Amino acid sequence: MTVATTDPVAARTITAHGGRARVVRNALAVLDRAGAALDEAARAATPESTPLWYVDPTANTVVIQSTDAGRTEAFLARSGVDRALVRVESASDAPRPLADLRGGDAYFIDSAARCSIGFPVTPNGQPGFVSAGHCGRPGSSATASDGSSIGTFQGSTFPGNDYSWVQADSSWVAQPQVSDYSGDAVTVSGSSVAPIGSSVYRSGSTTGWRCGRVRQFNATVNYAQGSVFGLTRTSVCAEPGDSGGSFISGNQAQGVTSGGSGNCTSGGTTYFQPVNPILQTYGLTLATG
């Protein structure tokens, strides 16, 4: 064990008790105060080209990363921190916030229509999600509720089938979860098909978390836009905006919301596009946990 100290007398005590002593210049409290001063300066004005700083007890200094030395030095001068306490390191890029993709959450297509995420996927290690085909066409943009960009539709089929997938940019994380709209989420473990009569739950951005049962497989539904084949019929209700959202039974992904009749006030019937054909068609990997 190596123990740092600013006191040479204490160093002898450390050594006598079997440790390795290292006499350093700066007490940890001094470094912590310097870090706090930088934090305070950042609250007043976020520094440009200075993405990161932290106290490094091993190096006995405050490390600051910088993509522009001049701007970082200007920030240090504004903060009033003793320059001798700081080591500036060159940084090649800047950190970015990472947001979560979850089943059932809302997204917007071309900043207009709203649908719901079906299931997050990770094709080739990149984040994305599957949804309904009638939600968007290849090249359409997908944005989050706060207006931030998610990505673009890479594939979409409707009618005939009703599925699509969106590739998100690297600032998003494909979480293996479906929102239950009560502050929690269900973790997706796989995509085994639930038999007829099974309980099934739907998550969508209009009506939240709803439950019912699987009624029939391979239903053909004739929408005004054309026929869609191979859908699963359920007794779960849904309303506009829930399209594309998750159907899950236990912890097994079942499909994405296609359409239906009725509503969540009087009750209704909803059809989902099974998820496994979507994954197979586009060569996607379901995010599981």
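Caption draft 1: Structural view of the overall build of the protein chain. A count of helical and extended segments in the protein chain gives four helices and 21 strands. Whereas a compact globule of 289 residues would reach a radius of gyration of roughly 19 Å, the protein chain reaches 27 Å, over 25% beyond that. A principal-axis box enclosing the C-alpha atoms of the protein chain has dimensions of 85 × 45 × 35 Å. Here the protein chain holds 289 residues, and 45% of them are scored as buried. By sequence separation, contacts in the protein chain at least 24 residues apart represent 56% of the contacts at least 6 residues apart. If you sum the accessible surface of the protein chain, you get close to 13700 Å²; carbon and sulfur atoms cover 49% of it.

Caption draft 2: Molecular detail of the packing of aromatic side chains. Overall, the coordinates contain seven aromatic pairs when judged by the stated rule. For the ring pair Tyr201 and Trp209, a centre distance of 5.2 Å and an interplane angle of 15° mean the geometry is stacked. With a relative accessible area of 27%, Trp209 lands in the partly exposed category.

Caption draft 3: A look at the pattern of salt bridges. This structure, assessed with the given rule, holds six salt bridges. The partner of Glu48 in a salt bridge is Arg71, and the shortest N-O contact between them spans 3.4 Å. Of this pair, Glu48 sits in the loop between helix H2 (28-44) and strand E3 (52-56) while Arg71 sits in helix H3 (residues 69-79); the two residues are 23 residues apart in sequence, bridging distant segments of the chain. With a closest N to O distance of 3.5 Å, Asp242 and Arg202 form a salt bridge. Taken together, the positions of Asp242 in the loop between strand E18 (226-234) and strand E19 (246-249) and Arg202 in strand E16 (residues 199-204) put the pair 40 residues apart, joining distant regions of the chain. Take Asp242: its relative accessible area is 0%, and that puts it in the buried class.

Caption draft 4: View of the side chain of Asp242. Within polar-contact distance, the side chain of Asp242 engages the backbone nitrogen of Glu239 at 2.9 Å. Discounting residues that sit within four places of it in the chain, Asp242 has contacts with Ser116, Arg202, Gly204, Ser205, Thr206, Thr207, Gly208 and Thr257.

Caption draft 5: The sheet that holds strand E14 (residues 172-179), seen in detail. Sheet architecture is open: three strands sit in the order E6-E14-E15, paired in mixed fashion. A single partner strand is all that each edge strand has here, and the edge strands are strand E6 (99-103) and strand E15 (185-187). The mean angle between the axes of side-by-side strands here comes to 55°, regardless of whether they run parallel or antiparallel. Pairing between E14 and E15: three bridges, direction antiparallel. Across the sheet, Gln177 pairs through a bridge with Thr187, a residue of E15.

Caption draft 6: Summary view of a nonpolar patch on the surface. Together, Val193, Ile196 and Phe217 make up a nonpolar patch on the protein surface, roughly 280 Å² of accessible area in all. Along the polypeptide, Ile196 turns up in the loop between E15 and E16.

Caption draft 7: Highlighting unusual backbone geometry. A cis amide bond, omega -5°, links Phe158 with the succeeding residue Pro159. As for its placement among the helices and strands, Pro159 is situated in the loop between strand E12 (149-157) and strand E13 (163-168). For Ser49, which is not a glycine, the phi torsion comes out positive at approximately 60°. Inspection of the secondary structure assignment puts Ser49 in the loop between H2 and E3.

Caption draft 8: How the structure looks around H2. Its 17 residues give H2 an end-to-end C-alpha distance of 25 Å, which sits within 8% of 24 Å, the value for a rise of 1.5 Å per residue. Looking only at H2, the buried set comprises Leu31, Ala34, Gly35, Leu38 and Ala41. For H2, the angular spread of buried residues about the axis comes to 120°, placing them on one side. Facing away from the buried side of H2, by more than 90 degrees, are the exposed residues Arg33, Arg43 and Ala44. On its buried face, H2 sits against E3, strand E4 (61-66) and H3.

Caption draft 9: Representation of the packing of H2 against H3 within the structure. Direction vectors running N to C along H2 and H3 enclose 105°, while the axes themselves pass 9 Å from each other. As far as their axial angle goes, H3 and H2 are roughly perpendicular. Between H2, through Ala37, Leu38, Ala41 and Ala42, and H3, the contact on the second element is made entirely by Phe75, Leu76 and Ser79.

Caption draft 10: Main features of the environment of Asp100. Its location among the elements puts Asp100 in strand E6. Since its relative accessible area comes to 40%, Asp100 is described here as partly exposed. For the pair Asp100 and Pro176, spaced 76 residues apart in the sequence, the C-alpha separation amounts to 9.8 Å. Excluding residues that lie within four positions of it along the chain, Asp100 makes contacts with Trp172, Val173 and Gln175. Looking at Asp100, its side chain comes within polar contact range of the side chain of Gln175, at 3.0 Å.

What counts, and where the lines are drawn
- Residues numbered from 1 in each chain as written.
- Predicted model: local features only at pLDDT ≥ 70, side-chain atom pairs only at ≥ 80, totals over all residues.
- Heavy atoms only, no water.
- Helix = DSSP H or I, 4+ residues; strand = E, 2+ residues; numbered from the N terminus.
- Rg over C-alpha atoms; globule rule 2.2 N^0.38 Å.
- Buried < 20%, exposed > 50% of the residue type's maximum accessible area, 1.4 Å probe, protein only.
- Contact = heavy atoms within 4.5 Å.
- Areas by Shrake-Rupley, 256 points an atom, 1.4 Å probe, with all protein chains shown as cover.
- Phe/Tyr/Trp six-rings, centres within 6.5 Å; stacked < 30°, edge-to-face > 60°.
- Salt bridge = Lys/Arg side-chain N within 4 Å of Asp/Glu carboxyl O.
- Polar contact = N/O pair within 3.5 Å; in protein donor to acceptor, adjacent residues only side chain to side chain.
- Pairing = 2+ DSSP bridges.
- Axes fitted to C-alpha atoms, helices over the stretch in contact; angles between N-to-C directions.
- Patch = residues over 30% accessible without salt bridge, like charges linked within 9 Å, V, L, I, M, F, W, Y side chains within 5 Å.
- Expected span 1.5 Å × (residues − 1).
- Arc of directions from axis to C-beta.
- Parallel < 35°, antiparallel > 145°, perpendicular 65-115°, else oblique.

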